[in-house]
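Here's the letter readout for the chains.
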Amino acid sequence: MSNSLSVVVVGAGNMGGAMLARLRELAWSVGVHDTDVQAQAKAVAEGALSFASPVQAVRSLAPDGVMLIAVVDAAQTEAVLWGADGAGFDLKPGQTVMLCPTLGPKTVQDQAERLAQRGVDCIDAPMSGGPLRARQGSMSLMVACSEPVWQRSQNLLQALSQQVFRVGVRAGDGARTKLVNNLLAAVNLAGAAEALALAERLGLDPAVTMSVIEASSGQSWIGTDRMRRALAGDFEPRAHVSLLAKDTGLAVSAADEVAYDPPLGRLARDLFAQAMAQGWDQLDDAALIQLMRQR
């Protein structure tokens, strides 16, 4: 099956796995590599072709194929592309790397430049909305790439999501947009957790209070999504505490680079750092309500 795959997904966790399942449902030919055996097996059950390493996967990528990277952070992205079994040196001109993790803008720019030296295009395309929306194709994709790459990638982008936003042509603008979004998400989540913890302390029924908020001015998407689970005692991770801890740190660092002081952003960053210090890094970020209950 050499050089036959339209897309190779590296990182088939919550979001990568959901995107892979959507592509397979739409009959795309997809290869997969994930270091997690269960994630790999689930992707194979969806009809993806399994590979033992990123470099093996990319060797079966079509000449105009896309390597979609959906790992956690900059270190994993670096390993996928340029590590011992990395795919970077085997990617060919005409192929494209789509970077979907939440990364710092400089990391995205650096990776795009290294790929460009090999004639490989880069799509800066972080995502938001959670695995259910990724599976349904209704998540948001924040895309930055050149005009030729944008035109060439329309079929894939539209297959992945009905909410594709072209935020710029500069590598790193997708990352900048995602960090702004995630900083607000963290602030909203912290606010929702604080409000419901206060409702409980005041002797109110938090579920009823949540219903009032959802129909009133305090409503936020992330508040509803996370706090409904939290009130049911469900902290099974869909988005780990560690992710928003990382993202708020990156967002504040990006603000520092342009001499902007985000006071609420810094508070949100510090709250997620406190949740990490509690050992909750692998819990769903709805666990922030537990931190608020301790106050």
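Just above sits the structure.
Conventions adopted
- Residues numbered from 1 in each chain as written.
- Predicted model: local features only at pLDDT ≥ 70, side-chain atom pairs only at ≥ 80, totals over all residues.
- Heavy atoms only, no water.
- Salt bridge = Lys/Arg side-chain N within 4 Å of Asp/Glu carboxyl O.
- Buried < 20%, exposed > 50% of the residue type's maximum accessible area, 1.4 Å probe, protein only.
- Helix = DSSP H or I, 4+ residues; strand = E, 2+ residues; numbered from the N terminus.
- Pairing = 2+ DSSP bridges.
- Right-handed = clockwise from strand over helix to strand, strands pointing away.
- Expected span 1.5 Å × (residues − 1).
- Axes fitted to C-alpha atoms, helices over the stretch in contact; angles between N-to-C directions.
- Parallel < 35°, antiparallel > 145°, perpendicular 65-115°, else oblique.
- Contact = heavy atoms within 4.5 Å.
- Nonpolar A, V, L, I, M, F, W, Y, C, P; charged D, E, K, R; others polar.
- Phe/Tyr/Trp six-rings, centres within 6.5 Å; stacked < 30°, edge-to-face > 60°.
- 1 Å grid on protein atoms, 1.4 Å probe; cavity = no way out; pocket = protein on both sides within 12 Å on 5 of 7 lines; lining within 4 Å.
- Points joined across faces, edges and corners; volume = space filled by probe spheres on them.
- Lys, Arg positive; Asp, Glu negative; His and termini not counted.
- Core = buried A, V, L, I, M, F, W, Y, C linked by side-chain atoms within 4.5 Å.

(A) Region of interest: the pattern of salt bridges. All told, the structure shown has 19 salt bridges when counted by the stated rule. The shortest N-O distance in the salt bridge between Asp-247 and Lys-246 comes to 2.7 Å. Lys-246 matches Asp-247 in its accessibility class, with the two residues each being buried. Among the charged side chains, a network of salt bridges with common partners joins Asp-225, Arg-226, Arg-229, Asp-284 and Asp-285.

(B) Quick look at the pairing of strand β1 (residues 5-10). Among the six residues of β1, five are classified as buried, and the element is accordingly described as predominantly covered. Pairing geometry for β1 and strand β4 (residues 61-69), over five bridges, is parallel. The residue of β4 that forms the bridge with Val-10 is Ile-69. With four bridges joining them, β1 and strand β2 (residues 30-33) adopt parallel strand pairing. Bridge pairing in β2 places Val-10 opposite His-33. For the segment spanning β1, helix α1 (residues 14-25) and β2, crossover handedness is right-handed.

(C) Layout of α1. Over its twelve residues, α1 extends 17 Å from the first C-alpha to the last, a length consistent with the 16 Å expected when each residue adds 1.5 Å. Of all the twelve residues making up α1, nine are buried; the element is thus mostly covered by neighbouring parts of the structure. Turning to α1, its buried residues are Met-15, Gly-16, Gly-17, Ala-18, Met-19, Leu-20, Ala-21, Arg-22 and Leu-23. Phi turns positive, to about 70 degrees, at Ala-27, one or two residues after α1.

(D) Main features of the packing of helix α10 (residues 206-214) against helix α11 (residues 221-231). Axis separation between α10 and α11 bottoms out at 11 Å; the angle between their running directions is 170 degrees. With respect to α11, the element α10 is oriented roughly antiparallel. Of the residues in α11, those in contact with Pro-206, Ala-207, Met-210, Ser-211 and Glu-214 of α10 are Gly-223, Thr-224, Met-227, Arg-228 and Leu-231. Taken together, the residues of the contact of α10 with α11 break down into five nonpolar, three polar and two charged.

(E) Inspection of unusual backbone geometry at higher detail. Here the phi dihedral of Ala-27 falls at roughly 70 degrees; this positive angle occurs in a residue that is not glycine. With relative accessibility at 63%, the residue Ala-27 sits in the exposed group. One non-glycine residue, Ala-259, lies in the positive phi region at around 55 degrees. By the element assignment, Ala-259 lies in the loop between α12 (241-257) and α13 (263-277).

(F) Spatial organisation of the packing of aromatic side chains. The tally for this structure, following the rule as stated, stands at one aromatic pair. When the centroid spacing of 5.1 Å and the interplanar angle of 75 degrees are considered together, the rings of Trp-82 and Phe-89 count as edge-to-face. The exposure class assigned to Trp-82 is buried, which follows from its relative accessible area of 13%. Among the residues examined, Phe-89 registers a relative accessible area of 53% and is labelled exposed.

(G) Structural context of the layout of surface pockets. Roughly 270 Å³ of internal volume is contained in the second largest pocket. For the lining of the second largest pocket, the elements supplying multiple residues, two or more each, are α5 (105-116), α9 (173-201) and α12. Considered class by class, the residues forming the lining of the second largest pocket number ten nonpolar, one polar and three charged.

(H) Geometry of the side chain of Lys-178. One can find Lys-178 in helix α9. The side chain of Lys-178 is buried and forms no salt bridge, while Asp-247, the nearest opposite charge, is found at 4.9 Å. The residues contacting Lys-178, other than those within four sequence positions of it, are Thr-102, Pro-126, Met-127, Ser-128 and Met-142.

(I) Quick look at the nonpolar core. Judged by nonpolar contacts, the single largest core of 33 residues is most densely connected at Met-19, Leu-68, Met-98, Leu-141, Val-143 and Leu-160. Going through the elements one at a time, β1, α1, β2, β4, β8 (140-144), α7 (147-152) and α8 (154-160) are the ones with two or more residues in this core. Counting residues per element, this core draws most heavily on α1, at five residues. Setting aside residues no more than four positions away along its own chain, Met-98 makes contact with Val-66, Met-67, Leu-68, Ile-69, Ile-123, Ala-125, Leu-141, Leu-156, Leu-157 and Leu-160.

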